[in-house]
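# Observations on the three-dimensional arrangement
The residues making up each chain are set out below.
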Amino acid sequence: MPAALRIDVVSIFPDYLSPLDLSLIGKARQDGLLDVHVHDLRDFTHDRHRTVDDTPYGGGAGMVMKPQPWAEALEHVAAQADPPTTKRPRLVVPGPGGAPFTQALARELAAEPWLAFACGRYEGIDERVYEFAREDLGVDVSVVSLGDYVLNGGEVAVLAIVEAVARLVPGVIGNAESLVEESHEDGLLEYPIYTKPREWRGRSVPEVLLSGNHAAIAQWRHEQRLARTAARRPDLLHPSSVGQDVDVATAVSGDLPELLTVLHAAGRGPTLESLRAELDTGTTWLARRGGRLLGAVRVEADGETLHVTAPALVPDLAGDELARHLLDVAAQSAVSGIRQLVLDDPRPTDARTRTYRRAGYRPTSGYWVKRLSRYE
Ligand code: JAH
């Protein structure tokens, strides 16, 4: 039986990839789940000095990797299809100028049958190699970045990417561990964790974790996740871009005919009269771009609870970002004294479910509830 995933890595430092013989990945290779091949780029040079770099056209610092050894190395890899078929690897090139490497991309790569990694060095690889790979070899090329910093080459990034991808290949790790990544999926960082002993070097485990009160523990953990995320990754709490050009303002009576149209397009069926009545009891927030009404959300306070409607969006923009933005606007409109937001959407789509979770709502007795903490 062929391995679930074939991985080819091309580098001028093949020894740098020796950790792939170890631990989990080494075991998965022994178990026949992964088929890993590391190639030395210099084996595809033809001069005495095995030259892989040259000076940049147009000037500038450093050296550029020559196209010829790369083309021959990639041709060699692509020719390894076994049995010889039209099957092609997907080429992944780590570089600080790439698209962010995320868990979503790791999942996508884990579903491929064959990945090839090109480890650049120096200032990078001659741009024509990417064109050649796409156009002449017919491979899909993804330049990916692990973060906004510069390494000396792609090798360490490949180790990280291969580890993130390999653990998602069925059979590589047990099920208990694979659930761990699910929790990072709702867009919050993990809560702090503790084990025995209960008292260690004068430090005790938070009392609530010893209480046996599962609801209290769940609430504490959720608050810890929000606090951590606010402190370490505020970008996750307030996702940047719905586009700077989206304006959010409260609705006035002149907005109602247009709002009625959008609500009907979004599958809601209020009347103009009911909308007019709602103007006096709560706040309706409207999102517009270039004057065009894109969506709306309504909030209404009731004691310590702020009732929030499911965001209504024009059909062509019914994506996560705008819905999330409107939910954030709703949350920020909660004045002091409000302790929870309650959203009524009994049968949300999967996409909406993810949006609500990302916005901090949890399903609670038929409603979506977001408890406010002092961190928001
Ligand atoms: C540096 C080729 N995002 C992490 C990362 C990945 C690769 C490189 N740097 C940073 C890199 C020089 C040459 C790749």
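Our structure's up above, just so we're on the same page.
Please read these numbers as outputs of a predicted model, since none were measured by experiment.

### Things to note about the packing of helix α11 (residues 320–332) against helix α12 (residues 350–358)
Angle between the axes and distance between the axes are the two parameters that describe a pair of packed helices. At a minimum axis distance of 10 Å, the contact between α11 and α12 shows a crossing angle of 40°. With respect to α12, the axis of α11 lies oblique. For the element pair α11 and α12, the recorded crossing hand is right-handed. Only Arg352, Thr355, Tyr356 and Arg358 of α12 make contact with α11, whose side of the interface consists of Asp320, Ala323, Arg324 and Leu327. Looking at the contact of α11 with α12, its residues break down into three nonpolar, one polar and four charged.

### Looking at the side chain of Asp53
Relative to the helices and strands, Asp53 resides in strand β3 (residues 53–54). For Asp53, the contacting residues outside a window of four places in its chain are Met63, Val64, Met65, Lys66 and Tyr122.

### Topic: the sheet that holds strand β5 (residues 90–100)
Pairing is parallel in the open sheet, where five strands are placed in the order β2-β1-β6-β5-β7. What marks the edges here is a single partner per strand, and that holds for β2 (34–40) and β7 (141–145). Direction aside, the axes of adjacent strands within the sheet are offset by 30° on average. Two elements, β5 and strand β6 (residues 114–118), share three bridges in a ladder whose sense is parallel. Across the sheet, residue Arg90 finds its bridge partner in β6, namely Leu115. Of the strands in this sheet, β5, β6 and β7 touch helix α3 (residues 103–110), which is tilted by about 170° from β5.

### Quick word on helix α1 (residues 23–30)
Every buried residue of α1 is accounted for by Ile25, Gly26 and Ala28. Each buried residue of α1 lies within a common arc of 160° when the element is viewed along its axis, so the set occupies one face. Exposed side chains of α1 directed beyond 90 degrees from the buried face belong to Ser23 and Gln30. The secondary structure elements touched by the buried residues of α1 are β2 and α5 (155–166). Two residues or fewer past α1, Gly32 is found with a positive phi of approximately 80°.

### Here we look at the nonpolar core
In terms of nonpolar packing, the biggest core is built from 37 residues, with Leu259, Val308, Leu341, Leu343 and Tyr361 touching the most fellow members. Those elements that provide at least two residues to this core are α9 (256–265), β11 (283–289), β12 (292–302), β13 (305–308), β14 (312–313), α11 and β15 (340–343). Sequence-distant contacts of Leu343, that is, excluding residues within four places in its chain, are made with Val308, Thr309, Ala310, Leu327, Tyr356, Tyr361, Tyr367 and Trp368. Judged by nonpolar contacts, the second largest core, of 31 residues, contains Leu109, Ala110, Val144 and Ile161.

### A word on the pairing of β7
Within β7, four of the five residues are buried, which leaves it mostly tucked inside the rest of the structure. Judged from the six bridges that link them, β5 and β7 form a sheet pairing that is parallel. For Pro94, the partnering residue across the bridge sits in β7 and is Val144.

### Things to note about the pattern of salt bridges
Pairs may arise between side chains of opposite charge once their charged atoms sit close together. Counted under the stated rule, the structure contains 16 salt bridges. With a shortest N-O distance of 2.4 Å, Glu300 and Arg298 are connected by a salt bridge. For Glu300, a relative accessible area of 32% corresponds to the partly exposed category.

### Some remarks on the site of the ligand
Taken together, 16 residues sit near the ligand, with Ser145, Leu146, Gly147, Tyr149 and Leu151 positioned nearest. In the model, a nitrogen atom of the ligand is placed 3.1 Å from a nitrogen or oxygen of the Gly147 main chain. Its free accessible area being 370 Å², the ligand has 95% of it covered by the protein chains. It is β5 that contributes the most residues to the shell around the ligand, three residues altogether. By residue class, the composition of the shell around the ligand is eight nonpolar, seven polar and one charged.

What counts as what
Residues numbered from 1 in each chain as written. Predicted model: local features only at pLDDT ≥ 70, side-chain atom pairs only at ≥ 80, totals over all residues. Heavy atoms only, no water. Axes fitted to C-alpha atoms, helices over the stretch in contact; angles between N-to-C directions. Helix = DSSP H or I, 4+ residues; strand = E, 2+ residues; numbered from the N terminus. Parallel < 35°, antiparallel > 145°, perpendicular 65-115°, else oblique. Left-handed = near helix turned anticlockwise from the far one by under 90°. Contact = heavy atoms within 4.5 Å. Nonpolar A, V, L, I, M, F, W, Y, C, P; charged D, E, K, R; others polar. Pairing = 2+ DSSP bridges. Buried < 20%, exposed > 50% of the residue type's maximum accessible area, 1.4 Å probe, protein only. Arc of directions from axis to C-beta. Core = buried A, V, L, I, M, F, W, Y, C linked by side-chain atoms within 4.5 Å. Salt bridge = Lys/Arg side-chain N within 4 Å of Asp/Glu carboxyl O. Near = heavy atom within 4 Å. Polar contact = N/O pair within 3.5 Å; in protein donor to acceptor, adjacent residues only side chain to side chain. Areas by Shrake-Rupley, 256 points an atom, 1.4 Å probe, with all protein chains shown as cover.

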